[in-house]
Amino acid sequence: MLVASHFRILLAPLMKLIAILMVLPFLVSYLDLIFRFHASDMCFVGPFPSSDIELLREKEVNVMKSGLAVSDLYGIYRFSKSGRLLSTSIANRKQLGWITNWLILSKSFLPSSGYPPLMNLIDEIRSSKSTLTSRSNMILAFDNDKNSWCFQKHDERLCIQDYLEGTQVLSDKFPPTGISVLLDGNKQVPADQTQSLSISCPGKSGIVSFFSNGALAKIGKNIKKYPNLKILVERPTTSFIILFNVALAFIYWNNRVDVSSVCKDYSKIVYEHELWRSFSGATAHFEPLHIGFNMMSLYALGTELEPVYSSIPFLFYNICLIPLTTVVMMALVRLQIWWTGNDRHQHTKTVGYSGVLFAWIVVSSLESRGTCPVPFLPNVCFKTYEFDAGIGSLYKWTIKFNLGPVIQLLIAQMIMPRVSFVGHLAGILCGFILHWNVLPREIFYMPQVLIPLIMFVHLALIRKIVHLRPNSLCDVSRRQDDLEHGNASRSGTCNWNRSQVAFLVWIPRILIVATILSTTVFHMTSSQMISQVLVTLLTISSTFLSFMGRLSDAGVLWRVTVISLLLLIAIDFMNLPYWTVMEPYIAAVWNAPSLHYLLFLFFLRTAANFLALVIACYFTIETSDVDGIFGNVFGWIVILSHSIIVDLQRTILRLTFSPFQGQGMALNAS
């Protein structure tokens, strides 16, 4: 009973972490997916899952002879006004930006199979909208004569039949979702000799249909009555960022927070290594006019651009633009110091979301034919120019340029001299870089990759505290031998007990195994793989520093590891709903393994990363103080995880206690 009570105590904080890190991101992504498919019905057609072939081996199915190949049917099908489903050919997929094409070139040397991040999948859905206007030749429609759904192209036709527990379930309203095979009314052949396919129509199946036809339909009617609530639901990312900035401004005002304690400060970031100021400075506003102008601009830009990028990608871009604009700003300040020879620029301070807003102003201007940036001079407009920067047919790259944002910056500088010219210029440069697709999105616009990468590079090249070779002052095997013989003094500055040594030894090995297994479901250059590699390298370096007795440096690395693992786990679960729903299309385009295999390895990877997170939080407290901005934001997670390890150690101690081991335990000890 005593052990059972300890396990119940251990379970409570564990469930809290799982709910925050896994369930909540999954629900956010799933709700976004539901609203997306509720607004636009579509079907995904791809190859038959190889792992499910055994389900049809004993069945006799029908095949129709036709000039169409099954691979011609793969794609995204969307409803047209006539009620038919029109296809988007996967052969038209392309990637813009000549530097971004390194991801394509790498697939010539590395396996090309793997599940893509949700931003790539949302791009596929968005591109299908634009190609719908060209009326693809492939149509999926219900044939009343055959009483079946058929793929039609000119005079050729292939029809499908759905198998659900041995019963044909066909509807003339929407194609069947699940495993389907091609059919004909005459010839009988074994199922393993057929060319089969899989169809997923999430808008009319399962829980998505329940929400779309039931709960969401009722909510939608009520939302239309309240315009503000409608904006909140239709533009969730814009609404969230506005509310977050306003709430933070109120907290700063209510607590009389000093500007210098949270602002972007060149000397603090570069020389005192306070990288967190990138985020605290970008979201800090101390004057009503400042936050008023910024949030009105964000509302206008978000209303225009969030539907273009979609809500979750728009959130990711906003998160990543904060550190990117900070890096460019630090480079500009450094250039300013070098050019002028004046060290007073080291104390350049900025606050506010304006840098990110200027990046979006650039994107908005480049997406239009022209822009008129001066409110009191409506006739002063600037045209958007296009340039072909590609190399023949090898690289197709079109860049655009508009002078409007630069003019807007100069006018703002003349009207309000206090505004940060360097900070706004950094935003303009990042906006052009974003729209021109200069940087690979898998690295620079994925939060779980960019943020750990910036911190890792800073710690390795500037602070020089990253160690990936075990030049340890405390050998692991020697430490375990010392503990067994009660000779702890030989361990020098590395004073860890038996369980702590076990954690430090095994957690890097577990993450290395998780990284290797991830290569079977993700491409080597995908954000999922890059983030996993970064987390593994950070964990290895943290454990080495802990063994070396450099607790101060180890504490810094453990903090970075905690942040990286939090981002990795949360965004992994945001990807999961899209992987499950779009699995047929993913299998067709990316040659990915079966969904069952993905789910198996996904939860193994998640278990390894979650275990690493709990242990990293434990050693964060053991090697440093959880205070400052890190403690305010992540302190509750670190303390909660630390309590899990402590409760686990106590439970194991009670399970392994023996009166003959020379150990003592007070009665009624907690």
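Here, the structure is the one placed above.
Parameters at a glance
- Residues numbered from 1 in each chain as written.
- Predicted model: local features only at pLDDT ≥ 70, side-chain atom pairs only at ≥ 80, totals over all residues.
- Heavy atoms only, no water.
- Helix = DSSP H or I, 4+ residues; strand = E, 2+ residues; numbered from the N terminus.
- Buried < 20%, exposed > 50% of the residue type's maximum accessible area, 1.4 Å probe, protein only.
- Contact = heavy atoms within 4.5 Å.
- Disulfide = S-S within 2.5 Å.
- Phe/Tyr/Trp six-rings, centres within 6.5 Å; stacked < 30°, edge-to-face > 60°.
- Lys NZ or Arg CZ within 6 Å of the ring centre and 35° of its normal.

A. Up close: unusual backbone geometry. The residue Arg256 is not glycine, and still its phi comes out positive at about 55 degrees. Structurally, the position occupied by Arg256 is in the loop between helix H6 (236–254) and strand S11 (264–265).

B. Spatial organisation of the environment of Tyr385. Inspection of the secondary structure puts Tyr385 in strand S15 (residues 385–388). Given a relative accessible area of 46%, Tyr385 falls into the partly exposed group. On a C-alpha basis, the gap between Tyr385 and Gly370 in space is 8.8 Å, while along the polypeptide they are 15 residues apart. With residues near it in sequence (within four places) discarded, Tyr385 still touches Ile399, Lys400 and Phe401.

C. Expanded view of the state of the cysteines. Enumeration over the complete set of coordinates arrives at 1 disulfide. One disulfide bridge connects Cys372 with Cys381, the sulfur atoms lying 1.8 Å from each other. Taking the sign of the torsion about the S-S bond as the criterion, the disulfide between Cys372 and Cys381, at about 90 degrees, is right-handed. For Cys381, a relative accessible area of 42% corresponds to the partly exposed category.

D. Focus on the packing of aromatic side chains. Tallying each qualifying case throughout the model produces 26 aromatic pairs. Taken together, a centroid distance of 5.2 Å and an interplanar angle of 80 degrees make the contact between Tyr618 and Phe619 edge-to-face. Their ring planes at 45 degrees and their centres at 5.5 Å tell us that Phe630 and Phe634 sit as a pair that is tilted. A residue pair is termed a helical-turn pair when its members lie 3 or 4 positions apart in one helix, as Phe630 and Phe634 do in helix H22 (residues 628–656) at 4 residues. In this structure Phe630 comes out as buried when scored by relative accessible area, which is 7%. An aromatic cluster of at least three residues, connected via ring pairs, comprises Tyr115, Phe522, Phe573, Trp579, Phe602 and Phe603. The ring of Trp253 has Arg256 sitting right over it, with the charged end atom 5.1 Å from the ring centre. The ring of Trp506 has Arg509 sitting right over it, with the charged end atom 4.8 Å from the ring centre.

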